[in-house]
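Close look at the chain arrangement
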Amino acid sequence: MSDNPVIALIGPGAIGTTIAAVLHEVGRTPLLCGRTAHPELRLRYDEGETVVPGPVLTDPAVITRPADLVFIAVKTTQNADSAGWLRALCDENTVVCALQNGVEQKAQLEPWVNGATVLPSVVWFPAQREPDASVWLRAKPRLTLPDVPQAQRVVEALRGTRCAVELSTDFASVAWRKLLQNAAAGLMVLSNRRAGMFRREDISELALAYLREGLTVARAEGAKLDDDVAQEILANFQRAPEDLGTSILADRQADRPMEWDIRNGVIQRYGRKHGIAVPISDVVVPLLAAGSEGPG
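The structure presented is a predicted model; accordingly, all values stated were derived computationally and were not measured. (Residues numbered from 1 in each chain as written. Predicted model: local features only at pLDDT ≥ 70, side-chain atom pairs only at ≥ 80, totals over all residues. Heavy atoms only, no water.)

1. Some thoughts on the overall build of the chain
Counted only if it meets this: Here a helix means four or more residues in a row that DSSP labels H or I, a strand means two or more in a row labelled E, and each is numbered from the N terminus. The globule rule used for comparison is 2.2 Å times the number of residues to the exponent 0.38, while the radius of gyration itself is calculated over C-alpha atoms. Think of it in three bands: residues with accessible area under 20% of the maximum for their type are buried, residues over 50% are exposed, and the middle band is partly exposed, with areas taken using a 1.4 Å probe on protein chains only. The contact criterion used is simple: two residues touch if any of their non-hydrogen atoms lie within 4.5 Å. Accessibility throughout is a Shrake-Rupley quantity obtained with a 1.4 Å probe, and a residue counts as covered only by protein chains that appear here.
A count of helices and strands for the chain gives 11 helices and 12 strands. Radius of gyration (C-alpha) of the chain: 19 Å, near the 19 Å computed for a compact globule of 296 residues. For the chain, the spread of C-alpha atoms along the principal axes amounts to about 55 × 40 × 40 Å. Per-residue burial for the chain yields a buried fraction of 51% across its 296 residues. Considering only contacts within the chain whose residues lie at least 6 apart along the sequence, 63% involve residues at least 24 apart. Within the structure as shown, the chain displays about 13,400 Å² of accessible surface, and the carbon and sulfur contribution to it stands at 49%.

2. Structural notes on the pattern of salt bridges
In plain terms, the rule: What counts as a salt bridge is simple: a side-chain nitrogen of Lys or Arg found within 4 Å of a carboxyl oxygen of Asp or Glu.
Overall, the coordinates contain 19 salt bridges when judged by the stated rule. Here arginine 252 and aspartate 255 are joined by a salt bridge, their closest N and O atoms 3.8 Å apart. Arginine 252 gets classed as partly exposed once you look at its relative accessible area, which sits at 32%. Looking at aspartate 255, the relative accessible area reads 63%, which means it is exposed. Through salt bridges with shared partners, a single ionic network connects Arg42, Glu49 and Asp132.

3. Description of the pairing of strand E11 (residues 142-146)
We count it as follows: At least two bridges found by DSSP between two strands is the condition for calling them paired. When the strands point away from the viewer and the path from the first strand over the helix to the second turns clockwise, the crossover is right-handed.
Judged by how many residues are buried, E11 sits mostly within the fold: 4 of 5 residues are covered. Bridging between strand E8 (residues 122-123) and E11 involves 2 bridges; their strand directions are antiparallel. Each bridged residue has a counterpart across the sheet, and for valine 122 the counterpart in E11 is threonine 144. Relative to strand E12 (residues 164-168), E11 is paired through 5 bridges, and the arrangement is parallel. Its bridge partner lying in E12, threonine 144 is registered against glutamate 166. The parallel pair E11 and E12, bridged by helix H4 (residues 151-158), forms a crossover whose chirality is right-handed.

4. Re the packing of helix H5 (residues 171-185) against helix H8 (residues 229-239)
In plain terms, the rule: Angles shown run from 0 to 180 degrees and are taken between the N-to-C directions of axes, each axis being a line fitted to C-alpha atoms and, for helices, limited to the stretch in contact. Orientation is classified from the angle alone, with under 35 degrees giving roughly parallel, over 145 giving roughly antiparallel, 65 to 115 giving roughly perpendicular, and any other angle giving oblique. The handedness criterion is simple: a crossing whose near helix is rotated anticlockwise from the far helix by less than a right angle is left-handed, and one whose near helix is rotated clockwise is right-handed.
Running from N to C, H5 and H8 point in directions that differ by 50°, and their axes come no closer than 10 Å. In terms of orientation, H5 lies oblique with respect to H8. Crossing of H5 against H8: the hand is right-handed. Between H5, through Arg177, Leu180, Gln181, Ala184 and Ala185, and H8, the contact on the second element is made entirely by Val229, Glu232, Ile233 and Phe237.

Here's what the structure looks like:
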C-alpha cells in the first residue's frame, strides 16, 4: 500500500461509522460512500464523541480512481445495491475488507468487486444507530482477520487506532463461533425482545439447544470448537445489558429485509448438506424468512 493510501468506506451505518471514526481520529479519514447523504457522522462512546466530517457521497460517478482499501459495512441484503460503488472503487490491486456477518463473505462479494481481493472479517463490538442518527458504541472495537498477506493492509490502516486487530490462522473457527452467536440472536426477532430475554430459563434452554445444533454443523464444516462454546455464548447474552439489541432485531422492527439466510439459514443449509438433523433450524428459519419477506 502507498504511503498515502486511499481508504473508502461503503455503508456508514453502525459498524461503518465506528470504523470511519477510529480512522478519522488518527488522520486517515476514509471516503464515505452510501445511499443517503449526511453532512457528517457522529460516534458516541463512554469517553465522549467523535465527529467525522462528510459529506457521505451518494453517486459512484464522482469516484475518479480505485481505492487501496475498501471497508464494506452494508448488510448482505444490500450487496447488489452497492455494486456501483464496488465497480468504481475496486480493481485488481484493491483489498475489500468485509465488515459483514456470516461465513460466506467472499462468495457473497466476489461477483461485485471488479477483481479485487475480498478479505473476510469478524466484528466483535456492539454498535447501534440512535434516533438522532448518531451511533452508540457500547464496547471497545475489535476485528479478527485471517492471517494472510492481504490482511496487513487493514492492520496498517488501523494501526494506532482504538480498534484492535487480531490475525487468526484458523479464521474459519472464529467465523463460525461468531455465526453461532448471531444465529442465537435471531431468537430475539421471534420474541421481539432484547438480550434480557436470555435470562429466562425456558429461553436459555432453547438457545442452548439451538447453539448445540449449530455447533454440530460448524464442526462438520471444519470448525474446531469445544463443547463449552455453546454455554459460553449463552452466558455472554445473559451478562449483556438487558436493553442490548441486535441488527437483525432492528431490521425487523423497522420492517426492513433481514439477514436471516446468512445468519440462520446457513445452519439449516449446511446441516442438510452433511445429513445432520436441524429440527430447531427447521422451525426458526421459516419464521425469520416469513418475517423478512412475507407475504401477509
